[in-house]
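# Understanding the architecture of this molecule
Residue-level listing of the chains:
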Amino acid sequence: MNDDASLGPVERLHPLFLITGLGSSMRRAGGAFAALGYLAVSGKWAALLFVAPMLAVILVAGLFIYWRHFEFRVGASEIRIDHGVLTRTHRSIPFDRIQDVDITQPLLARAFGLARVKFETGGSAGAKEEEGILQAITLERAQALRALVRARRGVVDEVPATAAAEPQPIYAMDLRHVLLAGLFNFSLALLAGLFGFTQTVGQFAGFDPFSRRFWLGMLAAGSPLLDLILVHQIIAALAGLIVLVLVGIATGIVRSALRDYGFRLDRSGTGLRRRRGLLTLTDVTLPIRRIQAAIIGTGPLREAFGWHDLKLQSLARDETTKGDHIVAPLADLSEVATVLAELGWRQVGPDIHWRRVSPAYAWSFTFAMAALAFPATIQFLFVPPIGIAAFAIIFILIAMRWLAWRRTRYALDGDRLLVRRGWWRRRLVILPLTSVQSVDLTENFISRWFGTASLLIGVAGGSGFSAHGVPALPHDSAHALRAELLSQF
């Protein structure tokens, strides 16, 4: 370890961090703002006028103390970050341990010419998030640090001086594809979340499409559509569902535009460089040798149009602190094959010998859902519309499970395991056997009754220690597959 004499001069975060850091500071104080909202709703204005300025002073003072006591020094072979007041931490990061330097520019920071820098190391998953991050330095200094780290590791910084000098990307999205990806970004989970919102706070927020008050405010009195909705409760429920679907689609489009605008994937040195974002620009490099698995996703509608997404599971983390990197949000199979070829991986061909899992995968779920028929019947006797909706949901879930069983298959393809699952959320996992960290055989009283077991395959990276699985295998097949995977260790 080098001593202080070998390090460069002390550097600090840019003073404008006191402004750009307010957003993250306010997010961490979300509970305090909820208390302010409670005081406002309760009409306790005197307490609100006393607490609100105190909270503002505490936030600003906390940012100033953090900025005042945060220092970093760049040496010939390491960078040292010192921070903390009562407990002072001195963390040294050798350049040869840094996999790459990720640069992020939120909207306000971009207006001031600042950037957030993250040093991606092999120990980032277990270290505190702030210890390898410079929250606000000038963009020029951030780019210089990245070039310095890459040069020390023997990697040539291939960032061109101008955009016109850049080579053709491996994958890119124009605005039309970004909006189209948002159209396909709608999910059942989002629909359930919107429904829960309307049922809990929708009445107070003025957004409850399942209520008569909402439609009285939205439509002119005496219109045929309004009369139809108010008279027929089922029509009102369908109208409310349509409204939620439209809101969900709009939300998906906005999310995709904010996140994936200007999406571009390039080959850079020993990794894949991804840039994207409308308000927050991110520039992340994913080292190829740290990639553990590839996940190709699609759905019934997307697959009908030939669209897929490609996610890489890696030991490195992206700007959301997760190790699941979207490298192609909306791509056809030829574009997916192009990205996989950059990794040195072959595409999944039509000659794969797929093995189907046991029908117990669907039967066990069917019996479990059938147990809900009794409470649904009670609901139907007392509140018929809710009972009908409950039976419809049970039927849809069972049907989707059987459709998923028809698609759930696995295959050993040389040096990799392929697992295909799902019907609504269709996933194809490409897992090199060298990435397998553990293989667990699991069963419960239901699976034992059906004579099946499931395999959980642990892989480093992703959101923590991720597990891919092969469900509902006959006992003999489960043990044979487990033994074959373990033999590759």
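Residues numbered from 1 in each chain as written. Predicted model: local features only at pLDDT ≥ 70, side-chain atom pairs only at ≥ 80, totals over all residues. Heavy atoms only, no water.

### What to know about the sheet that holds strand β15 (residues 409–413)
Quick reminder of the rule: Whether two strands pair depends on DSSP finding at least two bridges between them. A run of DSSP states H or I qualifies as a helix once it reaches four residues; a run of E qualifies as a strand once it reaches two. Both are numbered from the N-terminal end.
Taken in spatial order, the seven strands of this open sheet run β13-β12-β11-β17-β16-β15-β14, and their pairing is antiparallel. The open sheet has two edge strands, β13 (324–331) and β14 (355–356), and neither has a second partner. In the sheet, strand β11 (residues 291–298) pairs with strand β12 (residues 308–314) via six bridges, with the strands oriented antiparallel. Bridging from a neighbouring strand, alanine 294 pairs with leucine 312 of β12.

### Side note on helix α19 (residues 475–486)
Condition: Here the expected length of a helix is defined as 1.5 Å per residue gap, with one fewer gap than residues. Residue burial is assigned from relative accessible area. The probe radius is 1.4 Å, only protein chains are included, and a residue is buried under 20% of its type maximum, exposed over 50%, and partly exposed in between. Taking the helix axis as origin, the arc is that swept by the directions to the C-beta atoms.
Look at α19: 16 Å from first C-alpha to last across 12 residues, which is about the 16 Å you get at 1.5 Å a residue. Regarding α19, the residues found buried are Ala478, Leu481 and Leu485. Down the axis of α19, the sector holding all buried residues measures 70°, keeping them to one side.

### Considerations on the nonpolar core
Our working rule: Among buried residues, the Ala, Val, Leu, Ile, Met, Phe, Trp, Tyr and Cys ones that are joined through side-chain atoms within 4.5 Å form a nonpolar core. Any two residues whose heavy atoms approach within 4.5 Å are treated as being in contact.
Membership of the largest hydrophobic core comes to 34 residues, with the highest contact counts inside it found for Tyr171, Leu310 and Leu312. Counting only elements with at least two residues in this core, the list comes to α7 (175–183), β11, β12, β13, α14 (333–342) and β17 (426–432). Among the elements that make up this core, the one with the highest residue count is β13 (four residues). Setting aside residues no more than four positions away along its own chain, leucine 310 makes contact with Ala294, Ile295, Ile296, His325, Ile326, Val327, Ala328, Val336, Val339 and Leu340.

### Structural notes on the packing of aromatic side chains
Inclusion rule: Centres within 6.5 Å make a pair out of two Phe, Tyr or Trp rings, where for Trp the six-membered ring is used; the pair is then stacked when the planes are under 30 degrees apart, edge-to-face when over 60, and tilted otherwise.
Under the criterion given, the structure shown has 12 aromatic pairs. Between tryptophan 363 and tryptophan 402, the ring centres sit 4.9 Å apart and the planes meet at 90°, which makes this aromatic pair edge-to-face. In this pair, tryptophan 363 sits in helix α15 (residues 360–370) while tryptophan 402 sits in helix α17 (residues 384–407), placing the two residues 39 residues apart along the sequence. Ring pairing ties together the aromatic residues Trp363, Phe367, Trp402, Trp405, Trp449 and Phe450, which thus form one cluster.

### Some remarks on the confidence of the model for the chain
Let me state the cut-off plainly: The quantity called pLDDT is the predictor's confidence in a given residue, expressed from 0 to 100.
For the chain, per-residue confidence averages 83 on the pLDDT scale, and residues scoring 70 or more make up 80% of the total. The least confident element of the chain, judged by mean pLDDT, is helix α11 (residues 224–231) at 55; the most confident is strand β7 (residues 171–172) at 96. Overall, residues 124–128 carries pLDDT values under 50, and its contacts beyond four positions in sequence, including any with other chains, amount to four contacts.

### With respect to the pairing of strand β8 (residues 264–268)
Buried residues dominate β8, accounting for four of its five residues. Note: β7 against β8, two bridges, orientation antiparallel. Within β8, the position partnered with tyrosine 171 by the bridge is leucine 265. Note that β8 and strand β9 (residues 271–276) share five bridges and pair antiparallel. Residue serine 268 lies in a different strand from β9, and its bridge partner there is glycine 271.

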